[in-house]
Amino acid sequence: MNSELVTRVRAARPIIHSITNYVTANDCANILLACGASPIMSDDPAEAEDIASLAAAVVLNLGTLSDRKLDAMLTAGKTANSLCRPVVLDPVGAGASRRRTEAAKTLLSRVKFSAVRGNVSEIRALSGELSPSGGVDAVEADLRTGDLPHAALARRFSEAYGTVTVLSGQTDIVTDGKRTALLHNGDVMMSRVTGTGCELTSLVAAFLAAGDDAFDGALTAAAVMGLSGEIAARRLTPADGSGTYRAYIIDAVYNMTPETLENGARYEIIT
Amino acid sequence: MNSELVTRVRAARPIIHSITNYVTANDCANILLACGASPIMSDDPAEAEDIASLAAAVVLNLGTLSDRKLDAMLTAGKTANSLCRPVVLDPVGAGASRRRTEAAKTLLSRVKFSAVRGNVSEIRALSGELSPSGGVDAVEADLRTGDLPHAALARRFSEAYGTVTVLSGQTDIVTDGKRTALLHNGDVMMSRVTGTGCELTSLVAAFLAAGDDAFDGALTAAAVMGLSGEIAARRLTPADGSGTYRAYIIDAVYNMTPETLENGARYEIIT
Amino acid sequence: MNSELVTRVRAARPIIHSITNYVTANDCANILLACGASPIMSDDPAEAEDIASLAAAVVLNLGTLSDRKLDAMLTAGKTANSLCRPVVLDPVGAGASRRRTEAAKTLLSRVKFSAVRGNVSEIRALSGELSPSGGVDAVEADLRTGDLPHAALARRFSEAYGTVTVLSGQTDIVTDGKRTALLHNGDVMMSRVTGTGCELTSLVAAFLAAGDDAFDGALTAAAVMGLSGEIAARRLTPADGSGTYRAYIIDAVYNMTPETLENGARYEIIT
């Protein structure tokens, strides 16, 4: 982790081109602003190249997908690839429909991603054929319990696609296939607010844009998000719930400092 | 009303497939999470069948309508019908344009709805030709004053379409054509926040997914929403307004218990 | 400025047809409700004429643009023009892509706008060929420093298009080409929340719908927005950030009175 990235994002104000879903687009824009980045949300194929060319990083999020958005994603992803700028994938709902699974696979085959962030179902759905032991059963076995099988899944995914993987769960796994971190920050209430996964994906893009090492950037972003979820939870009164919590998460990102992050991050590098 | 449904939704965590508008999609996802349900927002015709097949209930909301969404709605609605799972319609803006009125009528003719939730203008717009006295005037007469004419309108709507009707207003009417309840919960400030109607529609779907009786489920959902609006209003300080109120409504749903609901619900069964 | 417009908007409850982006549509709907207006968000070309005909004013906002939305904008704009009702443009992202710049120019050439609200980059991008000295350099020179060059840019824009221009920045400029005001309300934190520009555009439409003088209406709306940003900032505790601030801005609009506005507005008419 590199807590100084918190400061660097604010100094660099990286433009993040986000092609994302309309359910959490507002949260994603606000968390990008809160961390010091500058969001441009656009899903129009007719401007995907122009906007991606302006951006320091690109986020492709498969929520509320359409053919039109998928076109824009391919163009934006390839544009950023040609400019050697980070592209981050959030395969929302991969595995929930053939359409989403296939769209994610299309993107993975045609765009080079610096990082992919998803939950275990999504990463598993995109890993089926990648299992070294050649079958779904092996992958299923991986998922039976706990962090280490998840870490193995994430590592294989990273190796297969040459990307950093951020596998969100009770413990977040961050790996580039060689280095692997288990991150213990976060609060169970984060799963009761829509968009916390999408928001983390946005932060990953901002932190990758501001640093040189994708593993470090992704781990730092995940620590910022998880710690912000904890800080937000501690502020809640008995009458508060997920509505207030949603705003407090963004508040905590807004107020995050390298010191707070250094003191609050709880992770271990396991490989 | 069945206050135990509050607990049952949390236990069942029903997946709610929502094809909805982008203005309030975030609120709808968050209120579904707050009540214990699990939202999937997707409006893509290419995955409507897959997603609807996963879902315990489907919500079709006509806000920010497009041809593409309407296609997805027809597919999702028919899929849920074939699986005998509840489908709930929110005919947002019916009557405001011919396009919305016709789209709502198309859906009503091709999908079987367990519940329809709208305001008096919307239900009226979809009831024109159903008036027993054969004209718009009769319906207009119904609307002149108060709860009983609204209840008659809702009852006729329920009879015509074989659905539970939730007619939102100062008094909410819930009816299945036979049983009719007047619900007196709610706060006038709810009309100053966008999406409180859409949010109720989402809650209706969650409560229908968790119970057996659509009338009871819809009445319970309406009581939860109205009471949450009251609880939220009581928390406001003089500096607070509709921005804070919006979050507090979701907080109240998040904290709702069967006891709170039992003590706070104010309704009467009139038939 | 006309602080009585605050009361008039609440009395008239003007319907505002908004064709807008999905990132900030919820904020725009909520700020319209907060000021007393009644939003209808619809971007469907098939109902653009019907909805625009119902509306007291129309907002066209270019965020998350699509061909489909642009079609709806042209229809809604022309409909409102034919009914002599105000149309307000927010050229979000003009200059950031050729697509947005061209879309904004198309709208400016085919729809008569009562007001255009944008930041200096957007207004500049739409003013390139309008510079009296005939080149980009002259415009660049305008932008080098401070309020007076911005005011000159805005004034030329107003003259070219026969519209009120609201140029948002540290100082907001409001001009109809003849009268020009510098508005000193606002808080730097407004730039850390997505949608504050879009929200101001929405308020401009509401205030234009409720009054007779577009310059006065736009100036009043800008004062309401800037002062609300200040009031919201004063409420923040150290743990609060941009998440809470977002809601407090809407709270402040909700609670705005003519007296508060009269006491808090800080502007000067410079021509």
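Here the structure is shown first, and the text comes after it.
Reading the values: rules and limits
Residues numbered from 1 in each chain as written. Chains lettered and ligands numbered in written order. Predicted model: local features only at pLDDT ≥ 70, side-chain atom pairs only at ≥ 80, totals over all residues. Least-squares fit on C-alpha atoms with pLDDT ≥ 70 in both. Contact = placed C-beta atoms within 7 Å. Helix = DSSP H or I, 4+ residues; strand = E, 2+ residues; numbered from the N terminus. Buried ≥ 20, exposed ≤ 12 C-beta atoms within 10 Å, placed from the backbone. Pairing = 2+ DSSP bridges. Right-handed = clockwise from strand over helix to strand, strands pointing away. Axes fitted to C-alpha atoms, helices over the stretch in contact; angles between N-to-C directions. Parallel < 35°, antiparallel > 145°, perpendicular 65-115°, else oblique. Left-handed = near helix turned anticlockwise from the far one by under 90°. Nonpolar A, V, L, I, M, F, W, Y, C, P; charged D, E, K, R; others polar.

J.: Any chance you could explain the relation of the copies chain A and chain C here in plain terms?
T.: The operation linking the two copies of the chain is a rotation about an axis combined with a translation along the axis. Rotating chain A by 120° and moving it 0.0 Å along the rotation axis overlays it on chain C with an RMSD of 0.0 Å. Put plainly, the chains are arranged around a three-fold axis. In terms of C-alpha distance to the rotation axis, chain A has A:Y22 as its closest residue, with the C-alpha 3.3 Å off the axis. By residue overlap, the copies meet through two different surfaces: only 12% of the interface positions of chain A are interface positions in chain C.

J.: Please clarify how the interface of chain A and chain C should be interpreted in this entry.
T.: Accessible area lost upon the coming together of the parts serves often as the stated size of an interface. With 26 residues of chain A at the interface, the matching set in chain C holds 23 residues. For the side of chain A that touches chain C, the secondary-structure elements that each account for two or more residues are α2 (25-35), β2 (38-41), α3 (45-54) and α11 (242-255) of chain A. At seven residues, α11(A) tops the list of elements feeding residues into the side of chain A that touches chain C.

J.: Would you explain the pairing of strand β5 (residues 115-119) of chain A in this entry?
T.: Look at any regular strand and the pattern is simple: side chains alternate between the two faces of the sheet. Residues and elements named next belong to chain A. With respect to burial, β5 is a largely interior element, four of its five residues being buried. Judged from the two bridges that link them, strand β4 (residues 87-90) and β5 form a sheet pairing that is parallel. By the bridge assignment, L89 is partnered in β5 with V116. The parallel pair β4 and β5 is bridged by helix α5 (residues 98-110), and the resulting crossover is right-handed. Here β5 runs beside strand β6 (residues 164-168); their pairing, made up of five bridges, is parallel. Each bridged residue has a counterpart across the sheet, and for A115 the counterpart in β6 is V164.

J.: Is there a simple way to think about the environment of C:L261 in this case?
T.: Residue and element names in this part refer to chain C. Assignment of secondary structure puts L261 in helix α12 (residues 258-264). Residues L261 and P238, 23 residues apart in the sequence, show an inter-C-alpha distance of 26 Å. For L261, the contacting residues outside a window of four places in its chain are S3, V6, A223, V224, L227 and M256.

J.: Got a minute to help me understand the packing of helix α2 (residues 25-35) of chain B against helix α11 (residues 242-255) of chain B in this structure?
T.: Any two packed helices are characterised by the angle at which their axes cross and by the distance between the axes. Residues and elements named next belong to chain B. Following both chains from N to C, one finds α2 and α11 inclined at 25°, their axes separated by 7 Å at the closest point. Here α2 lies roughly parallel to α11, going by the angle between them. Along this stretch, α2 crosses α11, giving a crossing that reads as right-handed. When α2 is examined against α11, the residues N30, I31, A34 and C35 are found in contact with a partner set consisting of I250, V253 and Y254. Looking at side-chain class alone, the contact of α2 with α11 contains six nonpolar, one polar and no charged residues.

J.: I would appreciate a short explanation of the relation of the copies chain B and chain C in the present structure.
T.: Note on the identical chains: chain B maps onto chain C by a rotation of 120° and an axial translation of 0.0 Å, with an RMSD of 0.0 Å. The two copies present different faces, since only 12% of the interface residues in chain B are matched by interface residues at the equivalent positions in chain C.

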